[in-house]
Amino acid sequence: MAFLEASMVNKIYHDKKKQEIVALSNFTLSVEEREFITIIGPSGCGKSSFLFLAAGLEPLTSGVLKFNGKPVKGPDPLSAMVFQEYLLFPWKTVRENIEFGPELRHVSKKQRRESSCNLIKMVGLGGFENRYPNELSGGMQQRVSIARALANKPQLILMDEPFGALDALTRETLQIELLKIWQQAKCTVLFVTHSIPEAVYLADRVVVVSKRPGTIKEIVDIDLPRPREREMFTSPSFIEYERYLKNLILEEI
Amino acid sequence: MDGSTKGLSRPVVMVNGTDLFCFSRSLFNRSKKLLSPLICLGVWELIVRLEFINPFFCPAPTSIVKELYVLLFTGELWMHLGDSVSRAVCGYFLASLLGVGVGLLVAWSRFVEDLIDPLIELIRPVSTFAVIPIFFIWFGIGDVSKVLIITKACFFPIVLNTIAGIKGVDPKLIQAARSLGAEGIALWTRVLIPSALPMILTGMRVATSMSVTTLVGVEMLSADSGIGFMVIDAQRVFATEKMFAGILILSALGFSFDRVARLVQHRVLAWHKGV
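No experiment lies behind these values; they were computed from the predicted model shown.

(A) Looking closely at the overall build of chain B. Along chain B, the regular secondary structure elements total twelve helices and two strands. Moving toward the C terminus, one meets the helices and strands of chain B in the order α-β-β-α-α-α-α-α-α-α-α-α-α-α. Its C-alpha atoms give chain B a radius of gyration of 25 Å, more than 25% over the compact-globule value 19 Å for 275 residues. With the principal axes as the frame, chain B shows a C-alpha extent of 70 × 60 × 30 Å. With 275 residues in all, chain B has 39% of them scored as buried.

Now the structure itself:
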């Protein structure tokens, strides 16, 4: 039994004119525990929709979607989502944002404080505990958002283009840090991105989604050693993966 | 003194370790905004003193201040002010309670919205002063109807801002909160309401000025106490100085209500960029 199992998942939206939009069609994917999966595909192909379904934030139209062997019915404490727009609570400080999940689960104050301190250190925000989100740069806000997701000690992290709005340098730094965090936190990651190098650099497997209605076109195993180094970006096998994936996506546009 | 060397060549006068020149300059900078009102008052005083205008119709500022002084010390003012403030504050807080409550209900349930929204849209454009006779017939001409009329005036900005505030919360922020485990009541108390608070407080601040304007109207129409009554009563007996003094008090009242609301807004929304 896979950790996250989607079989023949369909998702149909209705737009304002009551017209049907098929976002996902017969989407089948199984994810093993502690895997790092990236999902790429043309814009509007439904790759983000899949994350929302997996997070239990949207109901599926038909098919089976199981997490830890149980059908997904709503937001699960063991899965957490990170969004491109950070979506921090602007009225809460960095620390209060991170402690939001544990607070809802009535974790004791002492424990909350302890784990938020560790997380703040882990994402490199020491000294910014009492700042409000609007006082932070985009990169720092996304670090808070990642720490906030980790505070629930999730087994599955769903990331919807988390680095899409960041500049190239911040993006690279956060990619490296995310890999470190993933290894430390021992969790599974599903990561949607538009960037092919990012997909190759981070993933164990890259899932290529076809244009709408989204189905899985191909799953590519990335056979590069871990820990991943920055130098890999110029290695022949990396470039070969990149070229291959690019062709797959270009066929869809 | 030459502008380019003014920092160097001016004589420095020190009093108790303070540079007198700098002190007077900062005092001037701070009081710059008072200049135009002061000039107006001066001109006014002069016109009355030189008897271009009969002081009976428009008393000089100094005699208004003198009258204010008398009112302060005979205790008459305090009685009127106490009645006015308690009416405005009661009406305002009742409106806040109802406005936020109804607003949250409407934003929460589609059914309640369909039920209440047409009523809000029908009653809102009706002038508060137009419904005064109805309130007087229903609730008598005592304080109850006065408070309720003020409530009517303050209710609408608060209820509309509460609805707009809750409905305007970014749906993705709600999803983020849900994925972290916020559902049901926790979602409302911890995410939706704090998120809408800037809007709700703006509505409540707009309502403070409504409370004072309505208060004046109601007290002038029917009352035997309150600053509004004092002003209209002074007019009836041609006590123009008292009338002007009362108007001054009413402006000060409106101004201080707004300041208090602003202070609360700043305290509560320290995190918010807009304030």
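(B) Molecular detail of helix α7 (residues 128-139) of chain B. Residue and element names in this part refer to chain B. The terminal C-alpha atoms of α7, which comprises twelve residues, lie 15 Å apart, in line with the 16 Å expected from a rise of 1.5 Å per residue. The complete set of buried residues in α7 reads Thr-128, Val-131, Ile-132, Phe-135 and Phe-136. Seen along its axis, α7 keeps its buried residues to an arc of 160°; they face one direction. Elements that come into contact with the buried residues of α7 comprise α8 (143-167) and α10 (184-221). Of the residues flanking the start of α7, the one acting as N-cap is Ser-127, its side-chain oxygen 3.1 Å from the backbone nitrogen of Phe-129. Two residues or fewer past α7, Gly-140 is found with a positive phi of approximately 80°.

(C) Region of the structure containing the domain arrangement of chain A. All names here are of chain A. Here chain A is partitioned into domain 1 (4-78 + 155-250) and domain 2 (88-153). Spacing between the C-alpha centres of domain 1 and domain 2 amounts to 25 Å. Counting from both sides, the interface comprises 15 residues of domain 1 and, opposite them, eleven residues of domain 2. Area buried by domain 1 at its contact with domain 2 is led by Pro-77, Leu-174 and Ile-181, which between them contribute 39% of it.

(D) Summary view of the environment of Leu-156 of chain A. Tracing the sequence through the fold places Leu-156 of chain A in strand β7 (residues 156-160). The residues touching Leu-156 of chain A, leaving out its near neighbours within four places in the chain, are Phe-3, Leu-4, Phe-67, Leu-78, Ser-79, Ala-80 and Thr-188 of chain A.

(E) Representation of the packing of helix α4 (residues 61-74) of chain B against helix α5 (residues 76-108) of chain B in the model. Residues and elements named next belong to chain B. Where α4 contacts α5, the axes come no closer than 4 Å and their chain directions differ by 80°. Judged by the inter-axis angle, α4 sits roughly perpendicular to α5. Where α4 approaches α5, its residues Leu-71, Leu-72 and Thr-74 are matched on the opposing element by Glu-76, Leu-77 and Trp-78. Among the residues forming the contact of α4 with α5, the class breakdown is four nonpolar, one polar and one charged.

(F) The pairing of strand β8 (residues 188-192) of chain A, seen in detail. All names here are of chain A. The buried fraction of β8 is high, at five of five residues. Neither face of β8 is exposed, since Thr-188, Leu-190 and Val-192 on one face and Val-189 and Phe-191 on the opposite face are all buried. Summarising the sheet, strand β3 (residues 36-40) and β8 pair through four bridges and their orientation is parallel. In the strand pairing of β8, Ile-39 is matched with Val-192. By the bridge criterion, five bridges tie β7 to β8 in an arrangement that is parallel. Among the inter-strand pairings, Met-159 is bridged to a residue of β8, identified as Phe-191. The parallel pair β7 and β8, bridged by helix α6 (residues 168-185), forms a crossover whose chirality is right-handed.

(G) Representation of α6 of chain A. Residues and elements named next belong to chain A. Over its 18 residues, α6 extends 25 Å from the first C-alpha to the last, a length consistent with the 26 Å expected when each residue adds 1.5 Å. By the burial criterion, the buried members of α6 are Thr-170, Arg-171, Leu-174, Gln-175, Leu-178, Leu-179, Ile-181 and Trp-182. Tucked into the core, α6 has its buried residues touching β3, α4 (109-122), α5 (138-150), β7, β8 and α7 (196-202). Among the residues trailing α6, Lys-186 stands out with phi positive, at a value near 50°.

(H) Here's a closer look at the confidence of the model for chain B. For chain B, the mean per-residue pLDDT works out to 89, and 92% of the residues sit at or above 70. Low confidence marks residues 1-8 of chain B, where pLDDT is under 50. Its contacts with residues over four positions away, or in another chain, come to five contacts.

(I) The pairing of strand β1 (residues 4-14) of chain A, seen in detail. Pairing of β1 of chain A with strand β2 (residues 20-31) of chain A involves eight bridges; the strand directions are antiparallel. Across the sheet, residue Tyr-13 of chain A finds its bridge partner in β2 of chain A, namely Ile-21 of chain A.

(J) Fine view of the packing of α5 of chain A against α6 of chain A. Residues and elements named next belong to chain A. Between α5 and α6, the least distance of the axes is 11 Å, while the angle of their chain directions is 15°. Here α5 is positioned roughly parallel relative to α6, judged by the angle of their axes. Where α5 crosses over α6, the two elements pack in a sense that is right-handed. Contact with α5, carried on its side by Gly-139, Gln-142, Arg-143, Ile-146 and Leu-150, involves Thr-170, Thr-173, Leu-174, Glu-177, Ile-181 and Ala-185 of α6 and no other residues of that element.

(K) View of the interface of chain A and chain B. Across the contact, 25 residues belong to chain A and 20 residues belong to chain B. Across the chain A to chain B interface the summed buried area is about 2,000 Å²; carbon plus sulfur atoms make up 65%. The interface formed by chain A and chain B includes two salt bridges. Among the salt bridges present, the one from Glu-85 of chain A reaches Lys-172 of chain B, with a minimum N-O distance of 3.1 Å. Elements with a minimum of two residues in the side of chain A that touches chain B: β6 (79-83), α3 (100-104) and α5 of chain A. Here the side of chain A that touches chain B gets four residues from one element, more than from any other, and that element is α3 of chain A. Here the residues of the side of chain A that touches chain B sort into 14 nonpolar, five polar and six charged.

(L) Here's a closer look at the packing of aromatic side chains. Residue and element names in this part refer to chain A. Scanning the model with the defined rule gives 18 aromatic pairs over all chains in all. Grouping aromatic residues by their ring pairs yields a cluster made of Phe-36, Phe-163, Trp-182 and Phe-191. If you follow Arg-148 out to its NZ or CZ, it ends over the ring of Phe-89, 4.9 Å from the centre. The positively charged end of Arg-230 is found above the aromatic ring belonging to Tyr-201, 4.6 Å away from the centroid.

What counts as what
- Residues numbered from 1 in each chain as written.
- Chains lettered and ligands numbered in written order.
- Predicted model: local features only at pLDDT ≥ 70, side-chain atom pairs only at ≥ 80, totals over all residues.
- Heavy atoms only, no water.
- Helix = DSSP H or I, 4+ residues; strand = E, 2+ residues; numbered from the N terminus.
- Rg over C-alpha atoms; globule rule 2.2 N^0.38 Å.
- Buried < 20%, exposed > 50% of the residue type's maximum accessible area, 1.4 Å probe, protein only.
- Expected span 1.5 Å × (residues − 1).
- Arc of directions from axis to C-beta.
- Contact = heavy atoms within 4.5 Å.
- Polar contact = N/O pair within 3.5 Å; in protein donor to acceptor, adjacent residues only side chain to side chain.
- Domains from an automatic or database assignment.
- Buried area = accessible area lost by both parts, 1.4 Å probe.
- Axes fitted to C-alpha atoms, helices over the stretch in contact; angles between N-to-C directions.
- Parallel < 35°, antiparallel > 145°, perpendicular 65-115°, else oblique.
- Nonpolar A, V, L, I, M, F, W, Y, C, P; charged D, E, K, R; others polar.
- Pairing = 2+ DSSP bridges.
- Right-handed = clockwise from strand over helix to strand, strands pointing away.
- pLDDT = per-residue confidence, 0-100.
- Left-handed = near helix turned anticlockwise from the far one by under 90°.
- Salt bridge = Lys/Arg side-chain N within 4 Å of Asp/Glu carboxyl O.
- Phe/Tyr/Trp six-rings, centres within 6.5 Å; stacked < 30°, edge-to-face > 60°.
- Lys NZ or Arg CZ within 6 Å of the ring centre and 35° of its normal.

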